[in-house]
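Commentary on secondary and tertiary structure
In case you want the letters, here they are:
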Amino acid sequence: MSPSRPARHPAWGIALVALIALAGLFYVKWSPYYDRAFTAAQTHSIGASILTGGQDAPPAPSLRAALDYAQAYGLAIWKALLLGLLLGSAIQTLLPPRWIERWLGRANGSSVMAGGLLSIPSMMCTCCAAPVITGLRRCRAAPGGTAAYWLGNTMLNPATLVFMGFVLGWHWAGLRLALGLAMVLGLGWALNRMGKTDGAPAGGPVPETDPAHFQPGRLLRRWAQAFAGMALRLLPEYLILVLLLGAARAWLFPVLDFSIDNSLPWIVGAALVGTLFVIPTAGEVPIVQALLALGVGVGPAAALLVTLPPVSLPSLVMVGGAFRRSELAMLALGVIALGVIGGGLAVGLGFGR
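Residues numbered from 1 in each chain as written. Predicted model: local features only at pLDDT ≥ 70, side-chain atom pairs only at ≥ 80, totals over all residues. Heavy atoms only, no water.

Residues apart from glycine generally show negative phi values, whereas peptide bonds are mostly found in trans. In the Ramachandran plot, Met-123 falls in the positive-phi region, its phi being about 60° despite a non-glycine side chain. With respect to the element layout, Met-123 can be found in the loop between α4 (109–119) and α5 (130–138). Relative accessible area serves as the criterion here: at 6%, Met-123 is assigned to the buried category. For Ala-282, which is not a glycine, the phi torsion comes out positive at approximately 70°. You can see Ala-282 is positioned in the loop between α11 (264–276) and α12 (284–293). (Helix = DSSP H or I, 4+ residues; strand = E, 2+ residues; numbered from the N terminus. Buried < 20%, exposed > 50% of the residue type's maximum accessible area, 1.4 Å probe, protein only.)

Listed below in structure tokens is the structure:
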């Protein structure tokens, strides 16, 4: 008896995912960023630093500081986070798993390149992309390809690079792009190598053979269940960590003036803090602009420019079920190392002159 073949995913489900992705990204990312680019070109600014809320320094740790930051951050990202939840749940229920395996499932350089290229039009912040990461991994995407997509959302974001060029200067944008490519391709390759060596668990959904599995009512019900489960699992811990980091801004960034020079301890400290802290998309641009205006050294500023966007403590926790702990440690340490390298390059290339 020949083995039964998986029933085909209905075309309407695939079209629905494409519609959500295109319409959602146009509304949440592409259209607003197009207008924002003209603002950056004309004013050389895209707003005040979310770190200090327009003040000279972060507020003292308190419940008010936590709530104020959570409110400012939430207003900046809630649409993208909703889109991420919709896409992440739709990927694992409405798309054929074999599609994900074909493009992102191989533990080699092709999945890393595919993940990096797919990330360029996505342009989500690290936390908003986390639900999509969960959906991809459930469909057996390789760790390296998934990580390349995750990191590329922020580090290869073309809108952020344009903002950076107009606000900080094109030499800053070039440094960010170079280190972003190294991060996306290098860490993606490293995670795929770890998967080959350690043997990543297969996981993911099992292809179905019953055509009834793909009836519209059942598919939509599973999508709603996946969306609700993902939201209930990710959002509470996410909110708690954002509140804690918002309250701790004054501890994480205790001094914001010329006393932060280009010495190695300051660069390493900035890389560590930047890796933990959470910001919305392109939030690093006004943060670095404000720090440079206060006289902070270009080394620590560059370290923050590299480490603030790609990962954060909340996003690492959110994707904790999609990667092994050793893979998450590799990602965090790689981001820190590239942040330190970025700080050293900014000093060595004379960015402060």
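Here we come to the packing of α11 against helix α13 (residues 298–307). Taken N-terminus to C-terminus, the directions of α11 and α13 make an angle of 25°; their axes are 8 Å apart at the nearest point. With respect to α13, the axis of α11 lies roughly parallel. Crossing hand, α11 versus α13: right-handed. On α13, the residues touching Trp-266, Ile-267, Ala-270, Ala-271, Gly-274 and Thr-275 of α11 are Gly-299, Pro-300, Ala-303, Leu-304 and Thr-307. The residue inventory of the contact of α11 with α13, partitioned by class, reads seven nonpolar, four polar and no charged. (Axes fitted to C-alpha atoms, helices over the stretch in contact; angles between N-to-C directions. Parallel < 35°, antiparallel > 145°, perpendicular 65-115°, else oblique. Left-handed = near helix turned anticlockwise from the far one by under 90°. Contact = heavy atoms within 4.5 Å. Nonpolar A, V, L, I, M, F, W, Y, C, P; charged D, E, K, R; others polar.)

Of all the positions in helix α3 (residues 97–104), only Pro-97, Ile-100 and Leu-104 are classed as buried. Seen end-on, α3 carries its buried residues on one side only, within an arc spanning 65°. Structurally, α3 contributes buried residues whose contacts are with α2 (63–94), α4, α5 and α6 (143–155). (Arc of directions from axis to C-beta.)

Right, let's get into the packing of α2 against helix α9 (residues 216–247). Between α2 and α9, the shortest axis-to-axis distance is 9 Å and the interhelical angle comes to 155°. Between α2 and α9, the interaxial angle falls into the category roughly antiparallel. Handedness of the α2/α9 crossing: right-handed. Grouping the constituent residues of the contact of α2 with α9 by class yields 24 nonpolar, five polar and one charged.

On the secondary structure map, Ser-49 appears in the loop between α1 (11–43) and α2. According to the relative accessible area criterion, Ser-49 is buried, its value standing at 7%. Within polar-contact distance, the side chain of Ser-49 engages the backbone nitrogen of Leu-51 at 3.2 Å. When sequence neighbours within four positions are dropped, the list of residues in contact with Ser-49 reads Gly-54, Pro-286, Ile-287 and Ala-290. (Polar contact = N/O pair within 3.5 Å; in protein donor to acceptor, adjacent residues only side chain to side chain.)

For the structure shown, the criterion picks out three salt bridges. We note a salt bridge from Arg-64 to Asp-68, for which the minimum N-O separation is 3.1 Å. Of this pair, Arg-64 and Asp-68 both sit in helix α2, four residues apart, which is roughly one turn of the helix. For Arg-64, a relative accessible area of 53% puts it in the exposed group. In this structure, Arg-176 engages Glu-284 in a salt bridge whose closest nitrogen and oxygen atoms are separated by 2.9 Å. Taken as a pair, Arg-176 in helix α8 (residues 170–198) and Glu-284 in helix α12 lie far apart in primary sequence, 108 residues in all. Under the relative-accessibility criterion, Arg-176 is labelled buried at 1%. (Salt bridge = Lys/Arg side-chain N within 4 Å of Asp/Glu carboxyl O.)

Looking at the protein chain as a whole, its pLDDT mean stands at 91, while 92% of the residues score no less than 70. Overall, residues 198–203 carries pLDDT values under 50, and its contacts beyond four positions in sequence, including any with other chains, amount to eight contacts. (pLDDT = per-residue confidence, 0-100.)

Considering all chains together, one arrives at nine aromatic pairs under this definition. On the basis of an interplanar angle of 80° and a centroid distance of 5.1 Å, the ring pair of Tyr-34 and Phe-38 is categorised as edge-to-face. With a gap of four residues between them, Tyr-34 and Phe-38 both fall in helix α1, about one helical turn apart. Judged by relative accessible area, which is 54%, Tyr-34 ranks as exposed. Summarising the aromatic geometry, the rings of Tyr-69 and Phe-277 are spaced 5.4 Å apart at their centres and angled 55° between planes, so their arrangement reads as tilted. (Phe/Tyr/Trp six-rings, centres within 6.5 Å; stacked < 30°, edge-to-face > 60°.)

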